[in-house]
Amino acid sequence: MAGPLIRSVILSGAAEKIRQYGRKPGAIARKTGIPMDALSDPDLLVSGRAVMAFFELVATACRRRSFGLEMSVGAHLGAVIGPLWLLLRNALTVEQMCIDLAKHFDLYSSAAVMTYRPTKSGGFLHWSAAIGAGESEVQMSEFAVATILGEIRMHGPPGWTPPGVHFRHEAPADLQLHRRIFGPHLHFNSEHNAIELDAAILRRPHSAAEPHVRSLVQKVLRDDEGSSAAPIELQVEGLIRALLPYGSCSADDVSQALGISTRTLQLHLNQAGQSFRSIKDSVRADLAQKYLKHSGLNATQVAARLGYGDPTSLSRSFRRWHGTSVRSQQRALKMNARILPRPAPR
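Definitions and cut-offs
Residues numbered from 1 in each chain as written. Predicted model: local features only at pLDDT ≥ 70, side-chain atom pairs only at ≥ 80, totals over all residues. Heavy atoms only, no water. Helix = DSSP H or I, 4+ residues; strand = E, 2+ residues; numbered from the N terminus. Buried < 20%, exposed > 50% of the residue type's maximum accessible area, 1.4 Å probe, protein only. Contact = heavy atoms within 4.5 Å. Areas by Shrake-Rupley, 256 points an atom, 1.4 Å probe, with all protein chains shown as cover. Pairing = 2+ DSSP bridges. Arc of directions from axis to C-beta.

### What to know about the overall build of the chain
- Assigned secondary structure in the chain consists of 18 helices and seven strands.
- Expressed as a percentage of its 346 residues, the buried residues of the chain come to 50%.
- Restricting the contact set of the chain to residue pairs at least 6 apart, pairs at least 24 apart contribute 68%.
- As presented, the chain carries roughly 16,200 Å² of accessible surface, and 52% of it is formed by carbon and sulfur atoms.

### Some points on the pairing of strand 4 (residues 122–129)
- Counting buried positions along strand 4 yields eight of eight residues, so the element is predominantly enclosed.
- Across seven bridges, strand 3 (residues 112–118) lies against strand 4 in antiparallel orientation. Within strand 4, the position partnered with Thr115 by the bridge is His126.
- Hairpin connection between strand 3 and strand 4: a loop of three residues separates the two successive antiparallel strands.
- As judged from the five bridges shared by strand 4 and strand 7 (residues 194–198), these two strands associate in the antiparallel manner. Residue pairing across strands places Leu125 opposite Ile195, the latter belonging to strand 7.

### With respect to the environment of Met114
- Looking at the secondary structure, you find Met114 in strand 3.
- In contact with Met114, other than residues within four places in its own chain, are Leu101, Ala102, Phe105, Leu125, His126, Trp127 and Ile148.

### Looking at helix 2 (residues 25–32)
- For helix 2, the set of buried residues is Pro25, Gly26, Ile28, Ala29 and Thr32. Around the axis of helix 2, the buried residues are gathered within 165° of arc, so they sit on the same side. Residues of helix 2 that are exposed and point over 90 degrees away from its buried face: Arg30 and Lys31.
- Packing partners of the buried residues in helix 2 comprise helix 1 (14–20) and helix 3 (48–61).
- Positioned one or two residues after helix 2, Gly33 has a phi angle of 80°, which is positive.

Given below as structure tokens:
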């Protein structure tokens, strides 16, 4: 199932919620290119990009800022990611589960990228919409992070909460549901969408793990896809998104994280018809627009976050990427934010 398509099980329960909010699910589905049958049949294949657009449109049209989070309540990671979950459930530890999820996420979808980054005190599990997968990732990032965290919690001690949950977008006015699902350590306007994990939870054994089964499942999944690893361009994109806020994020940095030489990295990218510079430029273009639209950061802060020395350099790149200035984009976004459709009366 690798590629831009995902199972429609991710939409389960959406139609009922939309009706409760006073809207017609069919109308919203049509606007985003989602087949109406996908709202009732969990086994159809639908565009990951269309699903992200659907989540965002529901949140806007129904004035449900936390729609993605509401959809995560009761969702099970195994049902969402399908066969990939068989590999995760046979990981020896929680950390291995996180590594496997990030390493093999392309088997579920290429509409998003995941990266696991170890630290001295634990690790970060990053999630992000892929380049060109959607103008906004607010709803889907909260759904994805909440669903993944739910799986991790199943292997932790009672009452465990992560030391941090991070989102690139701005905090909603009402944080009650966010605190109930994620715990008290929430960070918005952050460098990434990520779950921060402590060393103790990462060391926790996976009670259902069977090493020989894990090895077999990994081989079968990759053999079915005809590859032994995620496409190099997706691996590079994920690492750039994870590393960019912390330094120059050069080809040397990424190749070191991948455990290969810079020359080998460049060779693999050339064979895939890509270059490190083009991927990094596309990630910056994508993040710049999302930060300006969905975070509370100003142009100077966004420039620093993306590795620019000053906002003027960002502005020049932004005009090249999007054909408009940062200032014009900010004015347009503020104006659009005031024009929100109201739910129809029930």
